[in-house]
Amino acid sequence: MSTVGNFEGFQPVSLKQEGDDQPSETDRLSVEELEAGKDLVPRQISRQSSVTESTLYPNPYHHPYVSRKYFVTRPGAIETAMEDLKSHITETSGETIQGFWLLTKIDHWNNEKERILLLTDQNLLICKYDFIMLSCVELQRIPLSAIYRICLGKFAFPGMSLDKRQGEGLRIYWGSPEEQSILSRWNPWSTEVPYATFTEHPMKYTSEKFLNICKLSGFTSKLVPAIQNACKDSPGSGKGKRLSVLTEPILIETYAGLMSFIGNRNKLGYSLARGSIGF
């Protein structure tokens, strides 16, 4: 019986162990020929492995091709939203907008939702804006005099929670969580939650313009004095007089978190290009 080693189609080869930096026979011959006196400029022969250069960004959304997936970064999208909302507020209530921010709202089930926040003299407005159709879908109005507590801190979860997030956020209270019904607490689509939680939008580092409107600290610095001024104008508001700004963990009471796990990783709460469906 013939063996593989005797087959004419195979030639013996020598395998070099990984990490062996000794020069091969070909390398030695090449060096010897150069040293033999040929009229060539002596050069050092080095064997380098293939290296792929990569650039690390401080934020993954800083890359322009990634940021273009978010419709809010498309040219003129954020400007159109600002003009639409200014016109709507002026026509309906006559209020003057003091500030405009683009943040991410985190609901009581840990779902991320892209939101525009507007601050007037008397109200905080939370807008769900469709950056694909360029239209306001939902507008929540919260009287500044009703806000009695603001919490800043890192996100915290129950010990048995399977869906946790890193980072810091801001929570605004205009009602007591203890008074929230069990049905509202366990309903992911409930609109009766007496507080709102926010964190910075992922497009914060796209440009200088977005850096200014996506800063959580910038929004907080405007919100606190606006609440204090609104409370002076409405002395009958008992809750407004007890405004407190605390630094403490922000608890999100989710355990399994399957819905937020799927939604947040696919960015379902953002106006996002999802790719082609047809041909």
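Residues numbered from 1 in each chain as written. Predicted model: local features only at pLDDT ≥ 70, side-chain atom pairs only at ≥ 80, totals over all residues. Heavy atoms only, no water.

Under the annotation held in an unreviewed UniProt entry, the protein carries the name Tumor protein p63 regulated 1 and is attributed to Otolemur garnettii.

Here we come to the pairing of strand E2 (residues 112–119). Among the eight residues of E2, seven are classified as buried, and the element is accordingly described as predominantly covered. What sits between strand E1 (residues 99–106) and E2 in their antiparallel hairpin is a turn of five residues, with Asn110 showing a positive phi close to 70 degrees. Bridging between E2 and strand E3 (residues 123–130) involves four bridges; their strand directions are antiparallel. In the sheet register, Leu119 faces E3, and the bridge partner there is Leu124. Between E2 and E3, which follow one another and run antiparallel, lie three residues. (Buried < 20%, exposed > 50% of the residue type's maximum accessible area, 1.4 Å probe, protein only. Helix = DSSP H or I, 4+ residues; strand = E, 2+ residues; numbered from the N terminus. Pairing = 2+ DSSP bridges.)

Turning to the packing of aromatic side chains, a few remarks are in order. In this structure the tally under the stated criterion is four aromatic pairs. On the basis of an interplanar angle of 80 degrees and a centroid distance of 5.6 Å, the ring pair of Tyr70 and Tyr270 is categorised as edge-to-face. Taken as a pair, Tyr70 in the loop between helix H2 (64–67) and helix H3 (77–92) and Tyr270 in the segment after helix H7 (258–265) lie far apart in primary sequence, 200 residues in all. Residue classification places Tyr270 among the buried residues on the basis of a relative accessible area of 6%. Across the ring face of Tyr173, the terminal group of Arg149 is positioned such that the distance to the ring centre comes to 4.1 Å. (Phe/Tyr/Trp six-rings, centres within 6.5 Å; stacked < 30°, edge-to-face > 60°. Lys NZ or Arg CZ within 6 Å of the ring centre and 35° of its normal.)

To continue, consider helix H6 (residues 216–233). Across its 18 residues, H6 extends 26 Å between first and last C-alpha, which sits within 8% of the 26 Å expected from 1.5 Å per residue. Looking at H6, one finds that the buried residues are Leu216, Phe219, Thr220, Leu223, Val224, Ala226, Ile227, Ala230 and Cys231. (Expected span 1.5 Å × (residues − 1).)

The next subject is unusual backbone geometry. The backbone phi angle of Asn110 is positive, close to 70 degrees, even though this residue is not glycine. Look at Leu134: it is not a glycine, yet its phi comes out positive at around 55 degrees. As for its placement among the helices and strands, Leu134 is situated in the loop between E3 and strand E4 (135–143).

Moving on, we come to H7. Those residues of H7 lying buried are Ser260, Gly263 and Asn264. Seen end-on, H7 carries its buried residues on one side only, within an arc spanning 90 degrees. Tucked inside the fold, the buried residues of H7 contact E2. Immediately beyond the C-terminal end of H7, within one or two residues, lies Lys267, with a positive phi of roughly 55 degrees. (Arc of directions from axis to C-beta. Contact = heavy atoms within 4.5 Å.)

Turning to the pattern of salt bridges, a few remarks are in order. In this structure the tally under the stated criterion is seven salt bridges. Here Arg141 and Glu95 are joined by a salt bridge, their closest N and O atoms 2.7 Å apart. On the criterion of sequence distance, the pair formed by Arg141 in strand E4 and Glu95 in the loop between H3 and E1 is long-range, its members being 46 residues apart. Here Arg141 falls in the partly exposed class, since its relative accessible area comes to 37%. The class for Glu95 is buried, based on a relative accessible area of 16%. (Salt bridge = Lys/Arg side-chain N within 4 Å of Asp/Glu carboxyl O.)

Okay, the environment of Leu251 next. By the element assignment, Leu251 lies in strand E9 (residues 250–251). Using a relative accessible area of 39% as the deciding quantity, one classes Leu251 as partly exposed. Measuring from C-alpha to C-alpha, the distance between Leu251 and His108 comes to 9.3 Å, with 143 residues separating the pair along the chain. Excluding anything up to four places from it in sequence, Leu251 contacts Ala156, Phe157, Pro158 and Arg171.

This brings us to the environment of Thr199. Tracing the chain through its elements places Thr199 in strand E7 (residues 195–200). Remark: the alpha-carbon pair of Thr199 and Leu170, spanning 29 residues in sequence, is separated by 6.4 Å. Residues within four places of Thr199 in sequence aside, it is in contact with Leu103, Thr104, Ile106, Phe155, Glu168 and Leu216. Within the structure, the side chain of Thr199 is placed 3.0 Å from the backbone oxygen of Glu168, a separation counted as a polar contact. (Polar contact = N/O pair within 3.5 Å; in protein donor to acceptor, adjacent residues only side chain to side chain.)

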